[in-house]
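Below, each chain spelled out in residue letters.
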Amino acid sequence: MASKTIGIALLGCGTVGGGVVNILAQQRSLLRQRTGIDFVLRHVAVRSREDYPPQADKLPMTTDANAAIDDPATDVVIELIGGTGAAAALVRRALEAGKAVVTANKALLAVRGRELLALARKNNTVIAFEASAGGGIPIIEALKQGLVANRIDALLGIVNGTCNFILSQMTQNGWSYAQALAEAQKLGFAEANPAMDVEGKDSAQKLVILGSIAFNAQIDEKDVHCEGIDKLDAQDINFASELGYVIKLLAIGERVGDHLALRVHPALIHHKELLAQVNGSFNAISVYGHALGHALWYGRGAGRMPTASAVVSDLVGLGLGTTQLAFQQLNILWDQTPPAQMLAFDKLCSRYYLRLQAMDQPGVLAQVTTILGEAGISLSAIRQHEAHTPDSVPVVITTHRASEGAMRHALQRIGQLSTITAQPVCLRIIDQPKEFANG
Ligand code: HSE
């Protein structure tokens, strides 16, 4: 028997909103039985009647989001509009009215999170955002509470389902980039503007959120070095595979001494690594805690029902009061923590994969290896296939660890060689766990 009712205003009823409506309708009695709370959808607000979902006649539809928020029967506002425009104004309105907010909006949290968290605190309310990173995977709850005993040394993950789907299809099925992207859009996990996915920005925003909690620091989006998969060449996927690696778009945050380094870029990971086996739209987040050691969270990081699952878990936390308690008492969110001390990107070290298009003539490799040697960069492997074209041949080199600065300098010099006929391709190789496990 429900002893309490939580009234909900849902703002936005697209892919994820539809999933929330579905769960609240189909699991209403289960949720009531588990929590003793009746979660009641009071309003479903969309921009215009054209945006009404197919089941609109069975829902409390409105185009007046402000009235939906202001209704005294609304306890929780779920913002699923996305972006930093209208969504920001509506979230502010809800918080100023003392209403709790649930959001999946990583852009809003990455860009204006600090301001909104502080506003929630000022108005004695709360923002819950489990669905903003990792979709249905309860990684934010884990970082906030499950791992609270740990100093987190590193966090790295596949946090964009669209990019992972594209790379998986290109690697496993030989699909073209365009074909895989079109399919990801059809399946409903790509952003409205897929440039956010493929340029790495979506991953960077998720890293801002996860890193801020994991490292208890204020992180700005501009602190994250960001490279996407949009410039990746299919031949590098094939060369990586010959060497025993797969290419994934990784979001990586790590402590380097007293500093933090944060980056998103495509990376080669050994095919036997767990992350290498994360395919399709799945996400996985590897965390290194000083007490726990290495742990991995794996699951669906995007899509209608997985993301709705996380939204409803936030609703339950608010209904029970545990989310408010944690929000008030844990000093780990980025309106309360100091600014991150960032490591200069040039100082960050990793292994590298280089692909050079070189003239097939005597002395070319000697020139290249001399430059790398002079930069203090040691080679780990080198591979050249017999030429099928008369003038140039791809040469693939992997290196031992070197700094970004040393590599950038060496690449500049290599690119200037008259025997190198195209801009060198440089990707990082990530060897977890040995790179990240501190003892
Ligand atoms: N576009 C995102 C992705 C959706 O592909 O992962 C979830 O944030």
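Note that this is a predicted model, so its numbers are computed, not measured. Throughout this document, residue positions are counted from 1 along each chain, in the order its sequence is written. Only residues with pLDDT of at least 70 get local features here, since the model is predicted, and only at 80 or more are side-chain atom pairs given and counted; chain-wide, interface and lining totals rely on the full set of residues. Side-chain descriptors were evaluated using all non-hydrogen atoms of the structure, hydrogens and water having been removed beforehand.

Bringing the site of the ligand into the picture now. Taken together, 13 residues sit near the ligand, with Lys106, Gly161, Thr162, Glu191 and Asp197 positioned nearest. A 3.5 Å cut-off defines polar contacts: any pair of N or O atoms within that distance qualifies, except that in protein one atom must be a possible hydrogen donor and the other a possible acceptor, and neighbouring residues in sequence count only when both atoms are side-chain atoms. For the ligand, a nitrogen atom lies 2.7 Å from a polar atom in the side chain of Asp197. Using a 1.4 Å probe, the Shrake-Rupley method yields the accessible areas, and only the shown protein chains count as cover for residues. Burial of the ligand by the surrounding chains reaches 91%, relative to a free accessible area of 260 Å². Throughout this entry, Asp, Glu, Lys and Arg are counted as charged residues, while Ala, Val, Leu, Ile, Met, Phe, Trp, Tyr, Cys and Pro are counted as nonpolar. The remaining residues, Gly among them, count as polar. For the shell around the ligand, a count of residues per class yields four nonpolar, four polar and five charged. In this text, near means that some heavy atom of the residue lies within 4 Å of the molecule or strand in question.

In regular strands, side chains alternate between the two faces of the sheet. Sheet analysis places strand E11 (residues 282-289) next to strand E12 (residues 293-300), joined by eight bridges and oriented antiparallel. Bridge assignment links Tyr288 to a residue of E12, and that residue is His294. Here E11 folds back onto E12, and the loop between the two strands holds three residues. Any two strands with at least two DSSP-identified bridges between them are counted as paired. Runs of H or I in DSSP of at least four residues are treated as helices and runs of E of at least two as strands, each being numbered from the N terminus.

Right, let's get into a nonpolar patch on the surface. Judged by side-chain polarity, Leu274, Leu296 and Tyr298 come together as a nonpolar surface patch covering roughly 280 Å² of accessible area. Here Leu274 shows up in the loop between strand E10 (259-270) and E11. Patch definition: residues above 30% relative accessible area lacking any salt bridge, with like charges linked at up to 9 Å and the nonpolar side chains Val, Leu, Ile, Met, Phe, Trp and Tyr linked at up to 5 Å. By salt bridge we mean one thing: a side-chain nitrogen of Lys or Arg within 4 Å of a carboxyl oxygen of Asp or Glu.

Unusually for a residue other than glycine, Asn124 sits at a positive phi of about 55°. Turning to its location among the elements, Asn124 is positioned in the loop between helix H5 (106-122) and strand E6 (127-128). Positioned with a positive phi, Asn216 is a non-glycine residue whose angle comes to about 50°. Its location among the elements puts Asn216 in the loop between helix H10 (201-214) and strand E8 (225-226).

Turning our eyes to something else, we now look at the nonpolar core. Nonpolar cores were defined as sets of buried Ala, Val, Leu, Ile, Met, Phe, Trp, Tyr and Cys residues, with membership established by side-chain atoms within 4.5 Å. Residue exposure (1.4 Å probe, protein chains only): buried if accessible area is under 20% of the type maximum, exposed if over 50%, otherwise partly exposed. Core analysis: the largest hydrophobic core is formed by 108 residues, its most contacted members being Ile78 and Phe129. Here a residue-residue contact requires only that any non-hydrogen atoms of the pair lie within 4.5 Å. Other than its neighbours up to four places away in sequence, Phe129 contacts Thr103, Leu109, Leu117, Ile140, Ile209, Ile213, Asp314, Leu333 and Trp334. Counting residues in hydrophobic clusters, the runner-up holds 20 residues, among them Ala358, Val368, Ala410 and Leu411.

The domains assigned to the protein are domain 1 (4-128), domain 2 (139-301) and domain 3 (346-436). With centres defined by C-alpha atoms, the gap from domain 1 to domain 3 works out at 51 Å. Where each domain begins and ends is defined by an automated method or by a domain database.

Next up on the list: the packing of H5 against H10. For any two helices packed against each other, the geometry is given by the interaxial angle and the distance between the axes. Under this scheme, a helix contributes an axis fitted over its contacting stretch, all axes are lines through C-alpha atoms, and angles between N-to-C directions fall in the 0 to 180 degree range. Close contact between H5 and H10 brings their axes to 9 Å; oriented N to C, the two are set at 60°. The orientation of H5 with respect to H10, classified from their angle, is oblique. Crossing hand, H5 versus H10: left-handed. Counting all contacts with H5, which are made through Lys106, Ala107, Leu109, Ala110 and Val111, the residues of H10 involved are Asp202, Gln205, Lys206, Val208 and Ile209. Residue composition of the contact of H5 with H10, grouped by class: six nonpolar, one polar and three charged. Small angles under 35 degrees read as roughly parallel and large ones over 145 as roughly antiparallel, with 65 to 115 read as roughly perpendicular and the rest as oblique. For a crossing to be left-handed, the near helix must be turned anticlockwise from the far one by less than a right angle; the clockwise case is right-handed.

Mapped onto the secondary structure, Lys99 falls in the loop between helix H4 (86-96) and strand E5 (100-103). Residues scored as positive are Lys and Arg, those scored as negative are Asp and Glu, and His as well as the terminal groups of each chain are ignored. Buried charge without a salt bridge: Lys99, with Asp70 as the nearest opposite-charge side chain at an N-O distance of 6.2 Å. One polar contact links the side chain of Lys99 to the main-chain carbonyl oxygen of Thr74, over a distance of 3.0 Å. Beyond its immediate chain neighbours, meaning those up to four positions away, Lys99 contacts Ile69, Asp70, Asp71, Pro72, Thr74, Asp75, Val77, Ala94, Thr125 and Val126.

Once that is clear, we can look at the sheet that holds strand E2 (residues 37-45). A sheet is described by the order of its strands in space; here six strands give the open sequence E3-E2-E1-E4-E5-E6, paired in parallel fashion. The open sheet terminates on both sides in strands that have one partner only, identified here as strand E3 (61-62) and E6. In terms of strand pairing, E5 meets E6 through two bridges, oriented parallel. Opposite Val101, over in E6, you have Ile127 as the bridge partner.

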